[in-house]
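Letter by letter, the chains look like this.
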Amino acid sequence: MDTKELLKKVRKIEIKTRRLSDHIFGGEYHSTFKGRGMTFSEVRQYQYGDDVRNIDWNVTARTNEPHIKVFEEERELTMMLMVDVSGSKLFGTSQQFKNEVVTEIAATLAFSATQNNDKIGLILFSDKVELYIPPKKGRSHVLRIIRELIEFKPESRETNLTEALKFLSNVMKKKAIVFVMSDFIVDDYEHTMKIVSGRHDVTGIRVYDKHEETIPNLGMVQMLDEETGELMLVNTSSKKVRLNYSKFYNERVNYYKESFTKSGAGTIDCRVDESYVKKLLGYFKRRG
């Protein structure tokens, strides 16, 4: 993709997702993800209706006028976007479209965080961390994140969520809002997820294509054996083959839901042909 085309794509995504974050998500995001607590701001004269528990007795005694302490929410937070960039190993008719949906969701979340003056960082992972952009504020930083999401080419096609979560733990010592975006067709990460969720506010966003849920009957199809790296012929007209695949797929999806829920993390399921806007808003409202 040449620079001109890339910038055009970034701009298109910015216009769409910024409008969403400005008009819909900014306020929802603010009320869903609270700051670290309240910090003292100033002392002012007591007004009718103020909470008497906040009266500053020292200043009141000195001035013979009731004064109260004013507190502000300590707002600044850090959002980490963790995006699975491994090649989808599953059947699906719209892998490219799936990537576009992930990019739009990530951009909407990033602009919502920017609107609230929060920092945003990015981790792109396969079976290793492929790219890490440390958290920063500002529009130009968000545009860099969008650029990477559009044009990044991963070195590996495998997925290892545990490695990505361990990396997150190492680089993020303070509590962060973490969104993990993947199809979650992996397992063996529940233990690490529990540790990460104990420190951070984690949400999994499963982006999937309805055509991945079952293998279509296509007769003999050439497939890659991931363990050996060999190409092999698979008879997709076999009922047993299709049933085994469905079992494998459903087991991974259930593992994802159970692992996140048991760890106290949130989950959102976004099918590529459905509105992610409704899914995100519904999630924010439930949590807010």
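What you are looking at is a predicted structure, and each value in this text was computed from that prediction instead of being measured.

So, the side chain of Ser263
Move 1: Note that Ser263 resides in the loop between α7 (239-262) and β10 (266-271).
Move 2: Ignoring any residue separated from it by four or fewer positions in sequence, one finds Ser263 in contact with Glu190, Met193, Lys194 and Ser197.

Topic: a positive patch on the surface
Move 1: Taken together, Lys4, Lys8, Lys9, Lys12 and Lys153 make up a surface patch of like positive charges.
Move 2: If you trace the backbone, Lys12 turns up in helix α1 (residues 3-32).
Move 3: Looking at Lys12, the relative accessible area reads 65%, which means it is exposed.

Thoughts on the nonpolar core
Move 1: Counting 45 residues, the largest nonpolar core has Leu81, Ile105, Leu109, Ile146, Phe179, Met181 and Ile205 as the members making the most contacts within it.
Move 2: Among the elements that line this core, the one with the most residues is helix α3 (residues 95-115), at nine residues.

A word on the environment of His30
Move 1: Mapped onto the fold, His30 is located in helix α1.
Move 2: Judged by relative accessible area, His30 falls into the partly exposed class, the value being 28%.
Move 3: A sequence separation of 254 residues divides His30 from Phe284, and the C-alpha atoms of the two residues are 9.6 Å apart.

A look at the packing of aromatic side chains
Move 1: Within this structure, the stated rule accounts for nine aromatic pairs.
Move 2: On the basis of an interplanar angle of 20° and a centroid distance of 4.2 Å, the ring pair of Phe184 and Tyr256 is categorised as stacked. Pair noted here: Phe184 is in the loop between β6 (177-182) and α6 (190-199) and Tyr256 is in helix α7, with a separation of 72 residues, a long-range link.
Move 3: Exposure remark for Tyr256: the relative accessible area of 0% places this residue in the buried category.
Move 4: Here Phe184 and Phe260 contribute two aromatic rings whose centre-to-centre distance is 5.3 Å and whose plane-to-plane angle is 80°, an arrangement assigned as edge-to-face. Taken together, the residues span a long stretch of sequence, with Phe184 in the loop between β6 and α6 and Phe260 in helix α7 at a distance of 76 residues. Both residues of the pair, Phe184 and Phe260, belong to the buried class.
Move 5: Connected via pairs of aromatic rings, a cluster forms that spans Phe184, Tyr189, Tyr255, Tyr256 and Phe260.
Move 6: When the ring centre of Tyr208 is taken as origin, the NZ or CZ atom of Arg206, which lies over that ring, is 3.9 Å away.

Focus on the pattern of salt bridges
Move 1: Inspection of the entire model under this criterion finds 19 salt bridges.
Move 2: Two residues, Asp269 and Arg206, come together in a salt bridge whose shortest N-O distance is 3.4 Å. Taken as a pair, Asp269 in strand β10 and Arg206 in strand β7 (residues 201-208) lie far apart in primary sequence, 63 residues in all. Of the two residues examined, Asp269 and Arg206, each falls in the buried class.
Move 3: We note a salt bridge from Arg271 to Asp273, for which the minimum N-O separation is 2.7 Å.
Move 4: The partly exposed category is assigned to Arg271, whose relative accessible area is 22%.
Move 5: One salt-bridge network, held together by shared partners, links Arg11, Glu14, Arg18 and Arg139.

Quick notes on the rules
- Residues numbered from 1 in each chain as written.
- Predicted model: local features only at pLDDT ≥ 70, side-chain atom pairs only at ≥ 80, totals over all residues.
- Heavy atoms only, no water.
- Helix = DSSP H or I, 4+ residues; strand = E, 2+ residues; numbered from the N terminus.
- Contact = heavy atoms within 4.5 Å.
- Patch = residues over 30% accessible without salt bridge, like charges linked within 9 Å, V, L, I, M, F, W, Y side chains within 5 Å.
- Areas by Shrake-Rupley, 256 points an atom, 1.4 Å probe, with all protein chains shown as cover.
- Salt bridge = Lys/Arg side-chain N within 4 Å of Asp/Glu carboxyl O.
- Lys, Arg positive; Asp, Glu negative; His and termini not counted.
- Charge placed at Lys NZ, Arg CZ, Asp CG, Glu CD.
- Buried < 20%, exposed > 50% of the residue type's maximum accessible area, 1.4 Å probe, protein only.
- Core = buried A, V, L, I, M, F, W, Y, C linked by side-chain atoms within 4.5 Å.
- Phe/Tyr/Trp six-rings, centres within 6.5 Å; stacked < 30°, edge-to-face > 60°.
- Lys NZ or Arg CZ within 6 Å of the ring centre and 35° of its normal.

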